[in-house]
Amino acid sequence: MHCNHLDFFERSTVRDMARFFSKTCVSKTAPGKMQRLEHEGQYCYVVSKQDGIAGALLADAEYPQRAAFSLLNNLVLDFVNAKKGQWDQGHVDDSMTWAPLDEAVVKYQDPMQADKIMQIQKDLDDTKDVLYNTIDSVLERGQKLDDLIDKSNDISMQSKKFYKTAKKHNQCCVMM
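Residues numbered from 1 in each chain as written. Predicted model: local features only at pLDDT ≥ 70, side-chain atom pairs only at ≥ 80, totals over all residues. Heavy atoms only, no water.

Colleague: Could you clarify how one ought to interpret the overall build of the chain in this entry?
Modeller: When you go through the chain residue by residue, the secondary structure sums to five helices and three strands. Sorting the 176 residues of the chain into buried and exposed places 20% on the buried side. Of the accessible surface of the chain, which amounts to about 13,700 Å², a share of 56% is contributed by carbon and sulfur atoms. (Helix = DSSP H or I, 4+ residues; strand = E, 2+ residues; numbered from the N terminus. Buried < 20%, exposed > 50% of the residue type's maximum accessible area, 1.4 Å probe, protein only. Areas by Shrake-Rupley, 256 points an atom, 1.4 Å probe, with all protein chains shown as cover.)

Rendered as structure tokens:
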């Protein structure tokens, strides 16, 4: 469990509470099922496989449910594949260490890392924002071009009027 943000003396208490809460949630989840349990604004996501392996993930309300279940399901499957035949020899919870779990706890603090669809959605949203900004700038440029065309037409009209006026005034004079 990732408790580095807590004081040294609080860490063991929080770990014990999280372990107890996780075990309780796992015991309430039937084999082959997934569920999310809420307690005081915190959520426990549980994935329980038919073969007796279960995983629990504790998160706050901001962590997306889809990412939590996706991450937890992948970790449980990876654990089963990595420890095939070994896990049924452990009779005590937490009796096996598994290095990828520690890495996953640090890596998946950001839910975007856990769920590819969320990451694609974020990329799409970013692309959409860039397109909106581009369209706005094109429309703004178009408006500026329209203004320049109007000013050009005005200048052209004024120059024609000036030419006609100058021609009228110069009719009386002859140059030799």
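Colleague: What should I look at first to understand unusual backbone geometry in this one?
Modeller: Of all residues except glycine, most have a negative phi; of all peptide bonds, most are trans. With phi around 50°, Glu-40 is a residue other than glycine that occupies positive phi space. Relative to the assigned elements, Glu-40 resides in the loop between strand S1 (34–39) and strand S2 (42–48).

Colleague: Help me out: how do you make sense of the pairing of strand S3 (residues 54–60) in this one?
Modeller: The side chains of a regular strand alternate between both faces of the sheet. A one-sided burial pattern is seen for S3, the buried positions being Gly-55, Leu-57 and Ala-59 and the unburied ones Ala-54, Ala-56, Leu-58 and Asp-60. Taken together, the seven bridges between S2 and S3 define a ladder with antiparallel strand orientation. Paired with Tyr-45 across the bridge in S3 is Leu-57. Taking the residues that link successive antiparallel strands as the turn, the S2-S3 hairpin has five residues, and the phi of Gly-52 there is positive, at about 100°. (Pairing = 2+ DSSP bridges.)

Colleague: Quick question: what am I supposed to make of the packing of aromatic side chains here?
Modeller: Think of a pair of aromatic rings as described by two things: how far the centres are apart, and how the planes are tilted against each other in angle. Following the criterion strictly, the structure yields two aromatic pairs and no others. With a centroid separation of 6.3 Å and 35° between ring planes, the pair formed by Tyr-43 and Tyr-45 is classed as tilted. Owing to a relative accessible area of 0%, Tyr-45 belongs among the buried residues under this scheme. Here Tyr-45 and Phe-69 contribute two aromatic rings whose centre-to-centre distance is 5.3 Å and whose plane-to-plane angle is 85°, an arrangement assigned as edge-to-face. Placement of Tyr-45 in strand S2 and of Phe-69 in helix H2 (residues 65–82) is noted, with a sequence separation of 24 residues between them. According to the relative accessible area criterion, Phe-69 is buried, its value standing at 11%. Three or more aromatic residues link up through ring pairs in this structure, and these residues are Tyr-43, Tyr-45 and Phe-69. (Phe/Tyr/Trp six-rings, centres within 6.5 Å; stacked < 30°, edge-to-face > 60°.)

Colleague: Would you mind showing me how to read H2 here?
Modeller: What sets the pattern is the α-helix's 3.6 residues per turn: residues three or four places apart point alike. Here H2 contains 18 residues, and its C-alpha end-to-end distance of 26 Å stays within 8% of the 26 Å for a straight helix at 1.5 Å per residue. Turning to H2, its buried residues number three or more, namely Ala-67, Ala-68, Phe-69, Leu-71, Leu-72, Leu-75, Val-76, Phe-79 and Val-80. (Expected span 1.5 Å × (residues − 1).)

Colleague: Would you mind going over the nonpolar core with me for this structure?
Modeller: Considering soluble globular proteins, one finds that nonpolar side chains tend to be buried as a cluster. Of all hydrophobic cores here, the largest spans 20 residues; its most connected members are Tyr-45, Leu-57, Tyr-63 and Leu-71. Those elements that provide at least two residues to this core are S2, S3 and H2. Counting residues per element, this core draws most heavily on H2, at nine residues. Apart from the residues within four sequence positions on either side, Tyr-45 is in contact with Gln-35, Arg-36, Gly-55, Ala-56, Leu-57, Ala-59, Tyr-63, Pro-64, Gln-65, Ala-68, Phe-69 and Leu-72. (Core = buried A, V, L, I, M, F, W, Y, C linked by side-chain atoms within 4.5 Å. Contact = heavy atoms within 4.5 Å.)

Colleague: Looking at this model, I keep getting lost on the side chain of Ser-48. Mind explaining?
Modeller: For Ser-48, the position within the fold is in strand S2. Beyond its immediate chain neighbours, meaning those up to four positions away, Ser-48 contacts Thr-29, Ala-30, Pro-31, Gly-32, Lys-33, Ile-53 and Ala-54.

Taken by themselves, the reported measurements are silent on function.
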